[in-house]
Amino acid sequence: MKRSVISVLALFAASPAIAGRGTDGELRILYWQAATVLNPYLSTGAKDTDPASMVIEPLAVVAPDGSFQPRLAAEIPTLENGGIAADYSSVTWRLKPDLKWSDGTPFTAEDVAFTAQYCMDPEFGCAVLQEFEGIASVDVLDPTTVRLNFSEPKYPPLQAFIGGRTPVLQKAQFASCLGAAGASCTEQNFGPIGTGPFVVTAFQPGDVVQFTANPHYRDPNKPAFATATVKGGGDAMAAARTVLETGEFDFAWNMQLAPEIVAPMEAQGKGVLVASFGPMVERIELNQTDPSPTLPEGQRSTMARPHPFLADPAVRKALSMAIDRQLIAELAYGPSGMATCTIVPMPTAYDPGNNDCLQQDIAGANALLDDAGWTKGADGIRTKDGVELRLLFQTTVNAVRQDEQSLVKQWWSEIGVATDLKTIDNAAFFGGDAGSPDTRQKFYADAQMFTDAFYIPDPASFLNKFVCDRIPTAENQWQGQNSIRFCDPAYDENMALLHQTAEASKRQEIAKEMTATLTADGNFVLPLIHRGMVSAHANSLTGILANGWEGQLWNVADWSRAE
Amino acid sequence: MTERQEQLNTQELIDETAAPAAVISDLPPDNPQVAGGETRSQWRDVWRQFRSHRGAMVALVLFIGVILFVAIGPYLWTIDPTYVDIRARNSGFTAAHPLGTDQLGRDMLARLMAGGRVSIAVGLTAMIIAIFIGSLIGVTSGYFRRLDAPLMRLTELFLALPLLPLLLLMVTLFREPLSQNLGPAMGVFVLIVSAIGATSWMQAARIVRGDVLGLKEREFILAAKSIGTPSRRMILRHILPNVLSPIMVAATLGIATAIITESALSFLGLGFPPDFPTWGRLLYDAVDQMALYPSRVILPGLLISMTVLCVNYIGDGLRDAMDPRIRGR
């Protein structure tokens, strides 16, 4: 294998004028969180799905502007080309002809149908099952045509097999991994056979993945690199140094570092930072139920106990008004974040466009609380009917977030709200372990801060998180996504309406109204920063196109080295 | 034999036994208490010896200085260590902020004083707990042969336990009940101190056991045993004073470890809340800005190393002072 690569290299080195496959040597990528599995159906973390996206591909991806771009599909299904049924009850995908897997066997519609069956198997526990929601059956019409039938008209119809989180797996390889066997198929999950530009040659979970160029890739001139290495480990700071200061690596992912630290490194001229803006928003969620530790387990943070003061709209609004979002953006994010007032910043057609919150108004917030009957005590903390405005504010361990916490605490103290801070390890906070008191879903605090995002440009499935049914409770093992315990019948009605509406402009109207209910009007969620995903790459690396919707390696096939 | 001969013999015997008595011919004075001038207690002796250890004296003065800095300082320099003043962020050494400010404009001098209180308290308390458990187990297992094996296996068990998952578990289980009963800061303090103490006594236990095993074979122990000294008095009177020096050394090293472990815990989000400065947290927070603002790393780092070094020197001096073989030399 190695010898053939070297001979290919030698061949092309002799004729440098023709840029072709494998001419640019090795691509060295650093992910400071290491991949543990290369199957996105088992793990949705970017550390796993990004390296996997170099190997296995979906039918289509989301382009930086939010439009769809075909990958394995010949074209994007629309109403006009008949791909989307007139009644929205099915979607027909036509695949590119003559595609081959990296082992040389043909890629067919059977593989697509198999992948859907694989993920939807109730025994399996698919990590991205919600993307396949509403699919009743999958029909293979001919080797290059596959139809997804929905149990009822589905809006938006294009969801499964779009984006790096739902790639197509090879039926021949995964046939024995259906159902409960899925998680234990180590060989398959660690080295999936794909159609993408690279092939896995070695994988050490938690450390390094090595690739070589796929000899059967559909574009004979790509990828430009003969081999690729995705190394894991370290932290964001060390990763930034290896790319920007020492040049050991070509590309490093997720540089959440304070701007004043990175700027001098970038000034050395070895590499640059690229921010790709998608739908990622850093937000503060306000708990609508009482998380007080004095309550017995089973009542704490449940609908049985409304929150003593965050249920008051005036308090929520005052908390929002007191925050100077622009200052947070400037101090903690620099070019990688912008102050925002919405949780659906992209596509802009869905943004309610209410930017009043960008202006900090401490005096206004104080007046609002005074009018609402919250009076300042001797210690400067407001009370009303014996309830003190004191809240517990939790977030994950991260230097930037701790700075944000300190700032927000200070501003809230200026309006008479006392804040206790708490930090939680990332793994515990996002782990979703029903036994842990520290998960985002359990929300045993009054306010919490984290970043959330969605993956296809229509926010319907994202907004669906805030319906009454999705409230985490002990009964559903604290698995619901509605961590703020927001429950409003009008919102649920709008959600149902959104699920039945096809027309884009109408959908946008409804989605805007729903977003506004959550943010500017209701202040249940306080959006702070529209975040970009920041990566660092060496100046010699070209072809990188920032895309906030897909993984950072989404177009790695187009990357090359400029001398 | 003649009578004369008998007399001579008796005189000879008397001379023989009484001859040395003639050397100390003076009778004891009427009041023996004034005999040696002033009385000398053991601790005064130790202090006299300690004072002659120059390094230890310098360390003691510095250590008292640090204690005063963190204990009295906040009453003299009254800026709130958590007050965010954005306009003064990243300020250098100025009159308003003698040691500058951090990236959010919090006063470094105030933060160092507040942080030192926590760090020193954590270091000392955790050390006391660890040393207490460590010497208890070490002496018991060294002195009582029957308990040796089980206690040493227990020590090995603790040594083999992965520290971090254990601490994670302790925090998950006890953080909430403790914060409820003792308040958030005090609850975390008790949790961290006992967590560090309970997981760092093993080295001390092993060292002490080794020394006790050696001591047990010494003549003075055998002598004490032969006159029927009970075990309790044996340990307190004869064993413990003689293993004090290794315990002292372990204790001084323990303070350093406790301060560092606390900072690692805070960094992982298991320690004090983020608005609760400690030296370790200040150090970790500033690591990213090390190249730009070196003073933010150097100051807390200097204080940590100075404290640890001082405690080490004091321990060294105490060890020398308490050793009767070295004392007086």
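No experiment lies behind these values; they were computed from the predicted model shown. (Residues numbered from 1 in each chain as written. Chains lettered and ligands numbered in written order. Predicted model: local features only at pLDDT ≥ 70, side-chain atom pairs only at ≥ 80, totals over all residues. Heavy atoms only, no water.)

Would you mind going over the overall build of chain A with me for this structure?
From N to C terminus, chain A includes 15 helices and 21 strands. In terms of overall size, chain A behaves like a compact globule, its C-alpha atoms giving a radius of gyration of 25 Å where 563 residues would be expected to give roughly 24 Å. The dimensions of chain A, computed from C-alpha atoms along their principal axes, are 80 × 55 × 40 Å. Here chain A holds 563 residues, and 56% of them are scored as buried. Surface exposure of chain A reaches about 21200 Å², of which carbon and sulfur atoms provide 53%. Put simply, chain A has 41 plus and 66 minus side-chain charges, and the middle of one group is 3 Å from the middle of the other. (Helix = DSSP H or I, 4+ residues; strand = E, 2+ residues; numbered from the N terminus. Rg over C-alpha atoms; globule rule 2.2 N^0.38 Å. Buried < 20%, exposed > 50% of the residue type's maximum accessible area, 1.4 Å probe, protein only. Areas by Shrake-Rupley, 256 points an atom, 1.4 Å probe, with all protein chains shown as cover. Lys, Arg positive; Asp, Glu negative; His and termini not counted. Charge placed at Lys NZ, Arg CZ, Asp CG, Glu CD.)

Looking at this structure, how should I read the overall build of chain B?
When helices and strands are counted, chain B shows 13 helices and 0 strands. The N-to-C order of helical and strand elements in chain B reads α-α-α-α-α-α-α-α-α-α-α-α-α. Residues counted as buried form 40% of the 329 residues belonging to chain B. Relative to all contacts within chain B whose residues are 6 or more apart in sequence, the contacts with residues 24 or more apart total 67%. When the accessible surface of chain B is split by element, carbon and sulfur atoms take 65% of a total near 18400 Å². (Contact = heavy atoms within 4.5 Å.)

It is not clear to me how the pattern of salt bridges should be interpreted in this structure. Could you clarify?
Evaluation of the coordinates by the stated rule reveals 28 salt bridges over all chains. Note that Glu75(A) is salt-bridged to Arg94(A), the shortest N-O span being 2.9 Å. Here Glu75(A) is found in the loop between β3 (68–70) and β4 (90–94), whereas its partner Arg94(A) is found in strand β4, with 19 residues between them in sequence. A relative accessible area of 27% places Glu75(A) in the partly exposed class. Notably, a salt bridge pairs Glu156(B) with Arg153(B), separated by 3.0 Å at the nearest N-O pair. Placement of the pair is Glu156(B) and Arg153(B) together in helix α6 (residues 145–160), with a separation of 3 residues, close to one helical turn. A relative accessible area of 32% places Glu156(B) in the partly exposed class. (Salt bridge = Lys/Arg side-chain N within 4 Å of Asp/Glu carboxyl O.)

Just checking my understanding: could you explain the nonpolar core for this structure?
One recurring pattern in soluble globular proteins: nonpolar side chains tend to sit buried together. One finds Tyr41(A), Trp93(A) and Phe161(A) to be the most contacted residues of the largest nonpolar core, which totals 109 residues. Structurally, this core is a two-domain feature, drawing no fewer than three residues from each of domain 1 (71–171) and domain 2 (279–454 + 518–531) of chain A. Those residues in contact with Phe161(A) that sit more than four places away from it in its chain are Tyr41(A), Pro58(A), Leu59(A), Ala60(A), Val112(A), Thr115(A), Ala116(A), Phe132(A), Leu148(A), Thr166(A), Pro167(A) and Val168(A). Counting residues in hydrophobic clusters, the runner-up holds 40 residues, among them Met127(B), Ile235(B), Ile239(B) and Val243(B). (Core = buried A, V, L, I, M, F, W, Y, C linked by side-chain atoms within 4.5 Å. Domains from an automatic or database assignment.)

Any chance you could explain helix α10 (residues 362–371) of chain A here in plain terms?
Turn by turn, an α-helix covers 3.6 residues, leaving residues three or four places apart pointing in a common direction. Residue and element names in this part refer to chain A. Ile 362, Ala 365, Asn 366 and Leu 369 are the residues of α10 that are buried. Buried residues of α10 fall within an arc of 100° about the axis and therefore sit on the same side. Seen from the buried face of α10, the exposed residues on the opposite side, beyond 90 degrees, are Ala 363 and Asp 371. At its buried positions, α10 is contacted by α8 (313–321), β13 (375–376), β14 (382–384) and α11 (399–414). Among the residues trailing α10, Gly 373 stands out with phi positive, at a value near 95°. (Arc of directions from axis to C-beta.)

Explain the interface of chain B and chain A here, please?
Often, the extent of an interface is quoted as the loss of accessible area on bringing the components together. Counting residues at the interface gives 23 residues for chain B and 23 residues for chain A. Taking both sides of the interface into account, the surface hidden between chain B and chain A amounts to around 2200 Å²; carbon and sulfur atoms contribute 53%. For the chain B face of the interface with chain A, the top three residues by lost area are Glu176(B), Pro274(B) and Asp288(B), together amounting to 24%. For the interface between chain B and chain A, the tally reads 2 salt bridges. (Buried area = accessible area lost by both parts, 1.4 Å probe.)

Would you mind showing me how to read the state of the cysteines here?
One covalent bond between the sulfur atoms of two cysteine residues makes up a disulfide. All names here are of chain A. The final tally for this structure, using the stated rule, is 4 disulfides over all chains. Shown here is the disulfide that connects Cys 177 with Cys 185, its sulfur atoms set 2.1 Å apart. The S-S bond linking Cys 177 to Cys 185 shows a torsion near -110°; that makes this disulfide left-handed. Across the pair, Cys 185 and Cys 177 agree in class, each one buried. The disulfide partner of Cys 341 is Cys 357, and the S-S distance across this bridge is 1.8 Å. (Disulfide = S-S within 2.5 Å.)

Got a minute to help me understand the packing of aromatic side chains in this structure?
For any pair of aromatic rings, geometry is given as the distance between the ring centres together with the angle between the planes. All names here are of chain A. Counted under the stated rule, the structure contains 28 aromatic pairs over all chains. A centroid spacing of 5.3 Å and a plane angle of 65° characterise the contact between Trp 101 and Phe 107, whose relative ring orientation is edge-to-face. Accessibility classification places Trp 101 together with Phe 107 in one group, the buried group. On the basis of an interplanar angle of 90° and a centroid distance of 5.3 Å, the ring pair of Phe 486 and Tyr 491 is categorised as edge-to-face. In this structure Phe 486 comes out as buried when scored by relative accessible area, which is 3%. Overall, the relative accessible area of 2% leaves Tyr 491 in the buried class. Linked through ring pairs, Tyr 41, Phe 114, Tyr 118, Phe 124, Phe 132, Phe 161 and Phe 174 together constitute an aromatic cluster. Over the ring of Tyr 455 we find Arg 165; its NZ or CZ atom is 3.7 Å from the centre of that ring. Above the ring of Phe 524, the side-chain terminus of Arg 316 is found at 3.9 Å from the ring centroid. (Phe/Tyr/Trp six-rings, centres within 6.5 Å; stacked < 30°, edge-to-face > 60°. Lys NZ or Arg CZ within 6 Å of the ring centre and 35° of its normal.)

I keep staring at the sheet that holds strand β15 (residues 387–388) of chain A and nothing clicks. Help me out?
Note on sheets: strands pair through backbone hydrogen bonds, and any given pair is parallel or antiparallel. Residues and elements named next belong to chain A. Strand order in the open sheet formed by 3 strands is β13-β14-β15, and the pairing between neighbours is antiparallel. At either margin of the open sheet sits one strand with a lone partner, and together these are β13 and β15. Across 2 bridges, β14 lies against β15 in antiparallel orientation. When the sheet's bridge partners are listed, Lys 384 is paired in β15 with Val 387. (Pairing = 2+ DSSP bridges.)

When you look at the packing of helix α5 (residues 108–143) of chain B against helix α8 (residues 184–198) of chain B in this model, what are you seeing that I'm missing?
Packed helices, taken two at a time, are described by their axes: the angle between them and the distance between them. Residues and elements named next belong to chain B. It is at 8 Å that the axes of α5 and α8 come closest, and there the two elements cross at 40°. Classified by the angle between their axes, α5 and α8 sit oblique to one another. Every pair of crossing elements has a handedness; the one defined by α5 and α8 is right-handed. Where α5 approaches α8, its residues Ala 121, Val 122, Thr 125, Ala 126, Ile 129, Ala 130 and Ile 133 are matched on the opposing element by Phe 189, Ile 192, Val 193, Ser 194, Ile 196 and Gly 197. (Axes fitted to C-alpha atoms, helices over the stretch in contact; angles between N-to-C directions. Parallel < 35°, antiparallel > 145°, perpendicular 65-115°, else oblique. Left-handed = near helix turned anticlockwise from the far one by under 90°.)

Help me out: how do you make sense of the sheet that holds strand β5 (residues 135–142) of chain A in this one?
Residue and element names in this part refer to chain A. Spatially, 3 strands are ordered β4-β6-β5 in an open sheet, and the strand pairing comes out antiparallel. For this open sheet the edge positions go to β4 and β5, each flanked by a neighbour on one side alone. Each strand axis lies, on average, 15° off the axis of its neighbour in the sheet, ignoring direction. Sitting on the sheet, helix α3 (residues 109–120) touches β5 and β6 (145–150), and the angle it makes with β5 is about 165°.

Sorry, what's going on with the packing of helix α7 (residues 163–182) of chain B against α8(B) here?
All names here are of chain B. In contact at an axis separation of 8 Å, α7 and α8 are set at 145° when each is read in the N-to-C sense. You can see that α7 and α8 cross each other, and the crossing is right-handed. In this structure, α7 uses Leu 167, Met 170, Val 171, Phe 174, Arg 175, Leu 178, Ser 179 and Leu 182 to contact α8, whose residues at the interface are Pro 184, Met 186, Gly 187, Val 190, Leu 191 and Ala 195. Taken together, the residues of the contact of α7 with α8 break down into 11 nonpolar, 2 polar and 1 charged. (Nonpolar A, V, L, I, M, F, W, Y, C, P; charged D, E, K, R; others polar.)

Honestly, the environment of Val70(B) in this entry has me stumped. Any pointers?
All names here are of chain B. Residue position: Val 70 is located in helix α3 (residues 54–71). The sequence separation of Val 70 and Thr 10 amounts to 60 residues, and the corresponding C-alpha distance is 79 Å. Leaving out residues up to four positions away in the same chain, Val 70 has contacts with Leu 112, Met 113, Gly 116, Arg 117, Ile 120 and Trp 279.

What is the right way to read the confidence of the model for chain B from this model?
Do not read the predicted coordinates in detail wherever pLDDT is low. Residues and elements named next belong to chain B. Model confidence for chain B is summarised by a mean pLDDT of 82, while 88% of its residues fall at 70 or above. Averaged pLDDT values for the elements of chain B fall to 66 in helix α1 (residues 3–23) and rise to 92 in α3. Here the predicted complex scores 0.79 on pTM and 0.72 on ipTM. (pLDDT = per-residue confidence, 0-100.)

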